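So you can see what is in the structure, the chains are spelled out below.
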Amino acid sequence: MLNKRRALSGALGLALAALIAGGPAAAQKAGGTLVQITQPEPPNLAPYISTSGPIGQVTAKVFDGLLEYDFDLKPQPSLAESFEVSADGKTITFKLRKNAKFHDGKPFTSADVQFTVMEVLKKNHPRGLSTFAEVTTVETPDPHTAIFKLQRPAPYLMTALSGYESPMLPKHIYGEGDIKTHPNANKPVGTGPFKFVEWRRGEFVRLDKNKDYWREGMPYLDRIVVRFIADSSTRTAALEKGEAHVAGFGAVPYNDVKKLAALPHLDVTTKGYEMISPIVELVLNTKLPPLDNQKVRQAISYAVDRKFMIDNVWFGFGKPAMAPISSNFAPTGYYIPGVDYTVADRIERANRLLDEAGFPKKADGFRFELIHDITPYGEEWQRAGEAVQQALAQVGIKATLRYEDVAKWLKRVYTDYDFAISSNFLYNLADPVLGVHRGFHSRLIRPGTVFVNGSRWSSPETDAFMDQATIETDQAKRGALYKNLIAKVTEASPVIYVLELTFPTIINTQFKNVITTPLGIYGNYATAYKE
Amino acid sequence: MRGAPLVRYILRRLLQVVPVVLGVVILNFLLLQLAPGDLATVLAGEAGGAPKEYIDQLRQRFGQDQPVVIQLFNYLRNLLTLDLGYSFRQSAPVLDLLLDRLWPTLLLMVTTLVLSLGIGLLMGLLAALWVRTWKDHAISVAAIIFYATPLFWVGLMLILVFSIYLDWFPTSGMEDVVAFYEGWDRVVDIAHHLVLPSITLSLFYLALYARLMRASMLEQRGLEYVTTARAKGLTERQITLRHVLRNALLPIVTIAGVQVGGLLGGSVIVESVFAWPGLGQLAYQSLFARDFNLLLGIFFMSACLVVVVNLIVDVIYVLLDPRIRIG
């Protein structure tokens, strides 16, 4: 492992590479309006205090981050031209771009980086609280150098500096007044390729081209309009008719995707979710008998028919999950499949485990009953619940389904722990420290905090693996720690990892180069152009 | 009867509005307390999880760490100065959010009212004139079909036929977001976008008015004053238009007034199918987000709207039927 890492390839290099690869530069015409559908409408446009998904789909075009990432999750330059990590991993020096300006014309400097990280993200961002926990100060020796000083090494930090995750804010605007109720919460000002113009609630957000963008000649599009359409059939109709051009993240129902893909003017891709890596899972309440019994939990994991759910509930958009960490992390070495619950004789194994655990089948064919709570995120989750219900019935467990609204469900699972099995949907995010540890670390058994350790299972051994991996800067050593972690967690099975969900993104073929990063529609569309 | 007494009457009715609206606000406030989960949890949920400190911080900001009685008291006190509070989820004052949505809502409501009343009354009138002929049956069957078809289905079918296949109208939204027209072009563009949603919403109500109008006309025609009028030597046309129609309208006006509240509710579906930026959708979203400040604001505004419309209905009564006294 190198002590010094330097991001070498600049935007110019990328452009050259595109030229050499045969992409004719003349094809990238300037002009055109791209209409994106985002569902649901974002509550506000303040990505520095809320990580609600729809917000990022809009604001990632307005704010740049210090870095961007390629499809191997490797950092690429953005507002930081280059960076250097010290040998002990506790000092990170960013060299900032000199020609970057905010939309109001003021230059972007290291003071903005210091303000954004120390005053905003570290204190108010839901994930920033932990992402930047180790950062003690940001030093600004000159306007174009920002130095992060860390208490302990935090390798995951380097994956969380995109414009979506850690947007760089102008200090002279957001530094005035209370950041939590800031008047610019709905009028974002950044350095990004598109300027915020107008948000008509219930209708659209309009973003116009930033003519002074620091990337020479970009963006190509004149305008992006993000529309909000509450009804899924209408969203499909708008794409079909060409009134809207891009939609992702389940904005189009899975059963309509095939129909749209068949149309000549629409393309469907599943790229652009590599840094999000959603996993569909079942959380088991490990304090509630009989789920406190590891054999029962393993039996349920064997019983769940992952392939059936992928093919029939998610129309083929997914693959079986073999670990709490997504296979998207394979290039980094953090993904190693755990216990294989998809073996051919899984039903026999499940029945045997349940017999051994002391729950024989009774006269009515059932061993015991429980309630299965369903993630209240829409129709496919209900169908997934029905699939789980059927699978459990096969091994003699009678499950009743319960579907509530989001607020009630969150309280049930993460505050009251008043559940047996609940489906769930968690993002791995850009690094296991950010998205995976929360699922089963003992420190994250916290009533009232949502999307953390709801199963309430933990062990000192797995806690230790995670604590070491958090500060381990050597990728290979981290990989080894995660290998042990995955083996232990999948064996104990407090959470059943069902499938790695892939989302279809629908793109009108008139538009090219829209999805260019592992953040997909959380990208900035600087390179997108209309033919 | 006209003039000064009418003004006094309106003023007195407006005063009576105060306790009604106050009652609505307090009742809604207490009802909302019964919903499990709160805005802080929903916000944290939308964020994909957040530390406990963050959620506590949110609750404190929302004033949810206070007892319910104090929260209610604060809310009412602010209401007196027309301060409807701040929507923390939408990071904007509630009043601004409501006013933004008010005019699209009114546009859709008024168009629907005019369309459904106009066509509904005409259909009912014709059915009554042609009573027990095939034309009457045709109108009645059509009305029943409109009445029984779910709104969302009608909306989607209209999109499919008139937008996708025939390409006459846009699928959704209130204006063209690629062109962004200005001036008269914009008015035309908005009207173009208004056609499908207002037809969808009107179909349901016009069926109701048509049925009611037909029954009301037939009833009035059997009354003695019609015989008197006929004995006076008036033509059938004069009797129908000047006497029967005017009397038959009274129950329709009553129902139309009551339906305005329902129109707000029915438009949730139409608004979401056609992505129309009205109050209904806003109410729907804020309920699921437990954004109570915003929700209470919407209830407050709807209550005011319904009360005012009913006042207008009462005034129309007086104008239609001089026998009805204000007092």
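Reading the values: the criteria
- Residues numbered from 1 in each chain as written.
- Chains lettered and ligands numbered in written order.
- Predicted model: local features only at pLDDT ≥ 70, side-chain atom pairs only at ≥ 80, totals over all residues.
- Heavy atoms only, no water.
- Helix = DSSP H or I, 4+ residues; strand = E, 2+ residues; numbered from the N terminus.
- Buried < 20%, exposed > 50% of the residue type's maximum accessible area, 1.4 Å probe, protein only.
- Contact = heavy atoms within 4.5 Å.
- Lys, Arg positive; Asp, Glu negative; His and termini not counted.
- Charge placed at Lys NZ, Arg CZ, Asp CG, Glu CD.
- Rg over C-alpha atoms; globule rule 2.2 N^0.38 Å.
- Areas by Shrake-Rupley, 256 points an atom, 1.4 Å probe, with all protein chains shown as cover.
- Domains from an automatic or database assignment.
- Buried area = accessible area lost by both parts, 1.4 Å probe.
- Pairing = 2+ DSSP bridges.
- Axes fitted to C-alpha atoms, helices over the stretch in contact; angles between N-to-C directions.
- Phe/Tyr/Trp six-rings, centres within 6.5 Å; stacked < 30°, edge-to-face > 60°.
- Lys NZ or Arg CZ within 6 Å of the ring centre and 35° of its normal.
- Expected span 1.5 Å × (residues − 1).
- Bend = angle between axes of the 7 residues up to and from the residue.
- Salt bridge = Lys/Arg side-chain N within 4 Å of Asp/Glu carboxyl O.
- Polar contact = N/O pair within 3.5 Å; in protein donor to acceptor, adjacent residues only side chain to side chain.
- Nonpolar A, V, L, I, M, F, W, Y, C, P; charged D, E, K, R; others polar.
- Left-handed = near helix turned anticlockwise from the far one by under 90°.
- Core = buried A, V, L, I, M, F, W, Y, C linked by side-chain atoms within 4.5 Å.
- Patch = residues over 30% accessible without salt bridge, like charges linked within 9 Å, V, L, I, M, F, W, Y side chains within 5 Å.
- pLDDT = per-residue confidence, 0-100.

> Go over the overall build of chain B with me, naming the residues and quoting the values.
A tally of regular secondary structure across chain B gives 12 helices and 2 strands. Secondary structure elements in chain B, listed N-terminal to C-terminal, are α-α-α-α-β-β-α-α-α-α-α-α-α-α. Seen through its C-alpha atoms, chain B measures out along the principal axes to roughly 85 × 55 × 40 Å. The buried share of chain B, taken over its 327 residues, is 48%. Counting contacts in chain B only where the partners sit at least 6 residues apart, residues at least 24 apart contribute 76% of the total. Looking at charge distribution, chain B has the averaged site of its 24 positive side-chain charges lying 17 Å from that of its 22 negative ones.

> Can you tell me about the overall build of chain A, naming the residues and giving the values?
Within chain A one finds 15 helices and 21 strands. For 531 residues, the compact-globule estimate of 2.2 N^0.38 gives 24 Å, and the C-alpha radius of gyration of chain A, at 24 Å, lies within 12% of that figure. Each principal axis of the C-alpha distribution contributes one length, and for chain A these read about 75 × 55 × 45 Å. Looking at chain A as a whole, 60% of its 531 residues are labelled buried. Long-range pairs, those at least 24 residues apart, make up 70% of the contacts in chain A between residues at least 6 apart in sequence. With the model as given, the accessible surface of chain A reaches about 19,200 Å², and the carbon-plus-sulfur share is 52%. Computed over 62 positive and 57 negative side-chain charges, the separation of the two mean positions in chain A equals 2 Å.

> Describe the domain arrangement of chain B, naming the residues involved and giving the relevant values.
Residues and elements named next belong to chain B. The assigned domain composition of chain B is domain 1 (4-94) and domain 2 (98-320). Counting residues at the interface gives 28 residues for domain 1 and 21 residues for domain 2. Note on domain 1 versus domain 2: buried area summed over both sides is about 2,300 Å², and carbon and sulfur give 73% of it. The largest share of the area that domain 1 buries against domain 2 comes from Arg13, Leu32 and Val94, three residues that together contribute 24% of it.

> Account for the sheet that holds strand E6 (residues 135-142) of chain A, naming residues and giving values.
All names here are of chain A. Taken in spatial order, the 4 strands of this open sheet run E4-E5-E7-E6, and their pairing is antiparallel. A strand with exactly one partner marks an edge of an open sheet, and here the two such strands are strand E4 (80-85) and E6. Averaged over neighbouring strand pairs, the angle between their axes works out to 20° when direction is ignored. Looking at chain direction, strand E5 (residues 91-96) and strand E7 (residues 145-150) are connected through 5 bridges and run antiparallel. Pairing of Lys95 across the sheet is with Thr145, part of E7. Of the strands in this sheet, E5, E6 and E7 are in contact with helix H3 (residues 110-124), which crosses E6 at around 165°.

> Go over the packing of aromatic side chains, please, and point to the residues and values.
Residue and element names in this part refer to chain A. For the structure on display, the rule yields 31 aromatic pairs over all chains. Ring geometry for Trp314 and Trp381: centres 5.2 Å apart, planes at 75°, overall edge-to-face. Here Trp314, found in the loop between helix H9 (306-312) and strand E14 (318-320), pairs with Trp381, found in helix H11 (residues 379-394); they are 67 residues apart in sequence, far enough to count as distant. Note on Trp381 and Phe425: the rings are 5.2 Å apart at their centroids and 55° apart in plane angle, and the pair reads as tilted. Here Trp381, found in helix H11, pairs with Phe425, found in strand E17 (residues 421-427); they are 44 residues apart in sequence, far enough to count as distant. Over the ring of Tyr525 we find Lys61, and its NZ or CZ is 3.9 Å from the ring centre. Here Arg201 stacks its cationic end above the ring of Trp199, 3.9 Å away from the centre of that ring.

> Explain helix H5 (residues 94-129) of chain B to me, using residue names and the numbers behind them.
If you check H5 of chain B, its first and last C-alpha atoms are 50 Å apart, about what 36 residues at 1.5 Å a residue would give, namely 52 Å. By the largest-angle criterion, Leu102 of chain B marks the main kink of H5 of chain B, which is about 30°, and a proline, Pro104 of chain B, follows within four residues.

> Tell me about the interface of chain A and chain B, residues and numbers included.
Listed per partner, the contact involves 50 residues of chain A and 50 residues of chain B. Contact between chain A and chain B buries roughly 4,200 Å² in total, counting both sides, with carbon and sulfur atoms accounting for 56%. Our count for the chain A to chain B interface comes out at 4 salt bridges. Ionic pairing is found between Asp167 of chain B and Lys241 of chain A, a salt bridge with its closest N-O pair at 3.1 Å. Seen at the junction of chain A and chain B, the total is 10 residue pairs in polar contact (both at pLDDT 80 or more). Among the secondary structure elements, those contributing two or more residues to the side of chain A that touches chain B are strand E1 (33-37), H3, strand E9 (204-209), strand E10 (223-227), helix H6 (232-241) and helix H12 (406-414) of chain A. Looking at the side of chain A that touches chain B element by element, the count peaks at 6 residues for H6 of chain A. Looking at the side of chain A that touches chain B, its residues break down into 18 nonpolar, 13 polar and 19 charged.

> Run through the sheet that holds E17 of chain A, naming residues and quoting values.
Residues and elements named next belong to chain A. The strand order across the open sheet formed by 6 strands is E14-E18-E13-E17-E15-E16, and the pairing between neighbours is mixed. Of all strands in the sheet, those bounded by a partner on one side alone are E14 and strand E16 (397-403). Neighbour to neighbour, the strand axes of the sheet diverge by 30° on average, direction disregarded.

> Explain the packing of helix H11 (residues 279-288) of chain B against helix H12 (residues 292-320) of chain B to me, and be specific about the residues and the numbers.
Geometrically, a packed helix pair is captured by the angle between its two axes and the distance between the axes. Residues and elements named next belong to chain B. Orientation of H11 relative to H12, taken along the N-to-C sense of each, is 145°, at an axis distance of 9 Å. Note that H11 runs across H12; the crossing there is left-handed. Contacts between H11 and H12 involve Leu279, Leu282, Ala283, Ser286 and Leu287 from the first element and Leu294, Leu295, Ile298 and Met301 from the second. Across the contact of H11 with H12, the residue classes break down as 8 nonpolar, 1 polar and no charged.

> Residue-level account of the side chain of Asn124 of chain A, with values.
The topology assignment puts Asn124 of chain A in helix H3. Assessed through its relative accessible area of 5%, Asn124 of chain A is described here as buried. Excluding residues within four positions of it along the chain, Asn124 of chain A makes contact with Tyr48, Ile49, Glu119, Ile179 and Lys180 of chain A together with Tyr54 and Gln57 of chain B.

> So, unusual backbone geometry: which residues are in play, and what are the values?
For the bond running from Met218 of chain A to Pro219 of chain A, omega is -5°, close enough to zero to count as cis. The topology assignment puts Pro219 of chain A in the loop between E9 and E10. Its identity as a non-glycine residue notwithstanding, Phe180 of chain B has a phi of 50°, on the positive side. Assignment of secondary structure puts Phe180 of chain B in the loop between helix H7 (151-165) and helix H8 (184-221).

> How would you summarise the nonpolar core if you had to cite specific residues and measurements?
Of all hydrophobic cores here, the largest spans 164 residues; its most connected members are Tyr48, Leu66, Phe94, Phe148 and Trp314 of chain A. In contact with Trp314 of chain A, not counting residues within four places along its chain, are Tyr254, Val280, Met309, Glu380, Trp381, Ala384, Leu499 and Leu501 of chain A. In terms of nonpolar packing, the next biggest core, distinct from the first, is built from 49 residues, Leu108, Leu125, Leu158 and Ile164 of chain B among them.

> Give me the lowdown on a nonpolar patch on the surface, citing residues and values where you can.
On the surface, Leu160, Val161, Tyr165, Leu166 and Trp168 of chain B cluster together into a nonpolar patch covering about 520 Å² of accessible area. Relative to the elements of secondary structure, Tyr165 of chain B occurs in helix H7.

> So what's going on with the confidence of the model for chain A? Residues and values would help.
One rule of thumb: low pLDDT means the predicted coordinates there are not for detailed reading. Summarising the model, chain A shows a mean pLDDT of 91, and 95% of its residues fall at 70 or more. A low-confidence stretch, residues 1-25 of chain A (pLDDT under 50), is modelled with 25 contacts involving residues beyond four sequence positions or located in other chains.

> Which residues make up the environment of Arg438 of chain A, and what are the values?
In this structure, Arg438 of chain A sits in the loop between helix H13 (432-435) and helix H14 (460-471). For the pair formed by Arg438 of chain A and Met309 of chain A, sequence separation is 129 residues and the distance between their alpha carbons is 25 Å.

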